[in-house]
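Given next are the chains, with one letter for each unit.
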Amino acid sequence: MAKFNGIVNLDVRDSVPDWTPFREAPAPEGAPNVLLVLYDDTGLAAWSPYGGRINMPTMQRLADNGLTYTQWHTTALCSPTRSCLLTGRNHHQNGFAQIAEGAQGFPGHTGHIPMENATIGEVLRENGYNTYWVGKNHNVPLDEWAVGATRRNWPLARGFDRYYGFIGGETNNWFPTLVEDNHYIDQPYLPEEGYHLSKDLADKAISYIADSKTSAPKKPWYLWFCPGANHAPHHAPEEYIAKYAGQFDDGYEAYREWVLPRMVERGILPEGTGLTEINPLPGEAAQPMDHVRPWEELNDEEKRLFARFAEVYAGFSEYTDAQVGRIIAYLEETGQLENTIVMYAADNGASGEGSPSGTVNENKFFNAYPEDLQQNLSMLDQLGSPDTYNHYPTGWATAFSTPFKMFKRYTYQGGVADPLVISWPKGIAARGEVRNQYHHAVDIVPTILECIGLDFPDQVQGYAQSELPGVSMRYTFDADGPTEKVIQYYEMMGTRALWREGWHVVAQRAPQQGGSAADLLNDTWELYHSEEDRSEVHDLAEQHPDKVKELVNLWYVEAGKYDVLPIDNRSLEDLVKEMPVAEIPEGGVYRYYPNTSPVPEFAAAEIRGRSFKILAQVELDDADAQGVLIANGARFGGHALFLKDRKLWYVNNSLGIPPEQQLVSPDEVGVGNHVLGMEFTKESHGEHGEAVGTATLYVDDLAVAKSEWKTQPGHFALCGEGLTVGRDSSDPVSKAYGAPFALTGGRIRVVEINIGDDVYLDLERDFRAGMARD
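Residues numbered from 1 in each chain as written. Predicted model: local features only at pLDDT ≥ 70, side-chain atom pairs only at ≥ 80, totals over all residues. Heavy atoms only, no water.

Q: Sorry, what's going on with the nonpolar core here?
A: Generally speaking, a soluble globular protein has its nonpolar side chains buried in company with each other. If you look at the biggest cluster of nonpolar residues, it comprises 95 residues, and the most contacted ones within it are Leu35, Phe225, Tyr344, Trp396 and Phe400. At 14 residues, the largest contribution of residues to this core is made by helix H7 (residues 300-333). Those residues in contact with Trp396 that sit more than four places away from it in its chain are Phe248, Gly251, Tyr252, Tyr255, Trp295, Phe306, Ala307 and Ala310. Core analysis: the second largest hydrophobic core is formed by 56 residues, Leu67, Phe96, Tyr163 and Ala430 among them. (Core = buried A, V, L, I, M, F, W, Y, C linked by side-chain atoms within 4.5 Å. Buried < 20%, exposed > 50% of the residue type's maximum accessible area, 1.4 Å probe, protein only. Helix = DSSP H or I, 4+ residues; strand = E, 2+ residues; numbered from the N terminus. Contact = heavy atoms within 4.5 Å.)

See below:
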């Protein structure tokens, strides 16, 4: 803060004011606006500007008016990459070795970005910018997700003036769990009224820019726009999905053969680039769930289903691009586009988390529940609609990451090579050109600051700042040529790599492969001269053992420098054995009250795999009282206790598989004070890990209905769809009512959930779900 240089005397008329220390510093003269558009889960070969089959008119327009980068890289996973874009530091420096849910008590793994790593928002807000963040935020620590937690690491506390979006790795694009600034909110309208998350986010982005230009027309702004696309669930309006009907019928292996020459023709890849195998890892290093089923081995029904998965993904991507186009159109209409830096990118390679066969309801995979081909085929025409929560199979992840090995989560090129287009009409003279310099996500913050004319400050909010490890890409705006970047390390869930001056060394292993420290020390390392062999087909490790040794040693140097150690390569089985026991309140009783924000599932009463009771104390003053007493989850998995048609209902919707399990009181529930509830007594376990037992419905102390029952083995949702009292979320648990079905004709005093001590959980299932949330 600047020193006060005024004069203070007894009388104000004899004093001299000085406003300098108290007013914000202005931005540099002519400072540009900055719009950073960041998609999820998109490989280099998906989009049309890179030769792909998915039409991206807005991105293409920006590429034609700017630069397309062929060797821009990420960390292989969402939260870590986003932390790099936030701070300009490597992801382990930021405490994001992996996703927020995987945090551990080591400096590189905490899930808490240190104050010594100020965000771009914090720097720009102190230098005359308005700062906005719209869309996905998977960089809030897990311990801060619940409404009663601190907001120390929410966007408004880390440099952003406004925030609108969702916290976590994914959300339902038709029924999202939304946050505005520091609180959870309901979505503004429903799908039948035209709602889709991508559209809503674009509306909010435009409104923030409009607010800025209306109230402070000379002030530049920074906007980070992070749609849910292309992360699962893949949701899009049918008219966009229909554009791609039949376009993926040739299959993912044929797509790879088709797209590679198009990428070469566009200058994305050099002539002679080879194509890697679809299952490149040897058996002992491969993960079964990442296996790609050869197209020729699929039957005709599977081929049609798999092709439809890709059509929906493509429609989702193009629809979201159209929403970005609305932002660009607004900037053009208001005369702001000329001096706006637009960066359009993705955060990691295409996602292989849909399993080898894909899924209509992603939550089945995370509950280790087998897919039913006929059931999935029956939903083929509904894919992408509110009735599905779909994800394509691993074959499309390989196709959209052509020509490289593997995909998201791997430090092979398929996981870390990503699209990036930069357009800045006022600052970049080149139009429609390609740039081949090697760069990484840590280089974006230095680039933005150099374009603005700012140095990164030594201190921010009193904290001495760590150095930026990245290299500004501003020099690439002038011409293609040698890169100024020298080195970049990679590490993700035990997978490791290092690039240095055109050489790339990669450990031959899958994420969470397991093994001992000795196994890590004895890893087989592959070596590629990526400057000449961009797709990394030719392993040169045997020809150049000294180069391998040099680069592996450098990896350890970088690991020591940036808090990479300890490496967490534990398998799911290892993680299960070491999982801490969840804390349970005294007596095993949780209490919830009406008119409160949703409770995230991870913070709510843990009913999976155990006996439990739900008791709601209510006062009913109307015989027609109706509405939800308590609900958790949505149509793809959840449970709810509610009043309807003057009767008490309890519904268990297991993974959205029909029919719903229902208990209904035979008699009406009258006016007055009541305790309404249910009890589940676990007796055994089913073949898929679900708890099996007897469910009993109670009105006061009278058991009014009873049935054999099974409960969902895993989580109801990966993110969002939290526990609510007195209402349901916008996507209801049961088809018996429409959301929010808020209670009318009475009031809820308290709802108690009492959990038993007979817990059985398939923890491997939980960890698999957790690792896919990004």
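Q: Sorry, what's going on with helix H14 (residues 545-561) here?
A: Taking 1.5 Å per residue as the helical rise, H14 with its 17 residues ought to reach 24 Å, and the 25 Å between its terminal C-alpha atoms agrees with that figure. Along H14, the positions that sit buried rather than exposed are Val548, Leu551, Val552, Trp555, Glu558 and Ala559. For H14, the angular spread of the buried residues around the axis is 115°, confining them to a single face. Exposed and facing more than 90 degrees away from the buried side of H14 are Asp546, Lys549, Gly560 and Lys561. Contacts made by the buried residues of H14 are with strand E14 (487-492), strand E15 (495-500), strand E16 (503-507) and strand E17 (525-528). One or two residues past the end of H14 sits Asp563, with phi positive at roughly 60°. (Expected span 1.5 Å × (residues − 1). Arc of directions from axis to C-beta.)

Q: Looking at this model, I keep getting lost on the environment of Ala703. Mind explaining?
A: Looking at the element boundaries, Ala703 is found in strand E26 (residues 702-710). The exposure class of Ala703 is partly exposed, given its relative accessible area of 45%. Sequence separation between Ala703 and Glu277 is 426 residues, and the spatial gap between their C-alpha atoms is 61 Å. With residues up to four places along the chain from it excluded, the contact list for Ala703 reads Thr696, Leu697 and Tyr698.

Q: Help me out: how do you make sense of the pattern of salt bridges in this one?
A: Applying the stated criterion to the full structure yields 42 salt bridges. For Arg509, the salt bridge identified is with Asp523, shortest N-O distance 3.0 Å. Within this pair, whereas Arg509 is found in the loop between E16 and helix H13 (517-521), its partner Asp523 is found in the loop between H13 and E17, the two being separated by 14 residues in sequence. You can call Arg509 buried: its relative accessible area is 2%. The exposure class of Asp523 is buried, given its relative accessible area of 12%. (Salt bridge = Lys/Arg side-chain N within 4 Å of Asp/Glu carboxyl O.)

Q: What exactly am I supposed to notice about the packing of aromatic side chains here?
A: The geometry of an aromatic ring pair comes down to the distance between the two centres and the angle between the two planes. Applying the stated criterion to the full structure yields 41 aromatic pairs. Measuring from centroid to centroid gives 5.4 Å for Tyr252 and Trp396, while their planes differ by 85°, and the two rings are edge-to-face. Taken together, the residues span a long stretch of sequence, with Tyr252 in helix H6 (residues 252-265) and Trp396 in helix H10 (residues 394-400) at a distance of 144 residues. The buried category is assigned to Tyr252, whose relative accessible area is 1%. When the ring centre of Trp154 is taken as origin, the NZ or CZ atom of Arg151, which lies over that ring, is 3.9 Å away. (Phe/Tyr/Trp six-rings, centres within 6.5 Å; stacked < 30°, edge-to-face > 60°. Lys NZ or Arg CZ within 6 Å of the ring centre and 35° of its normal.)

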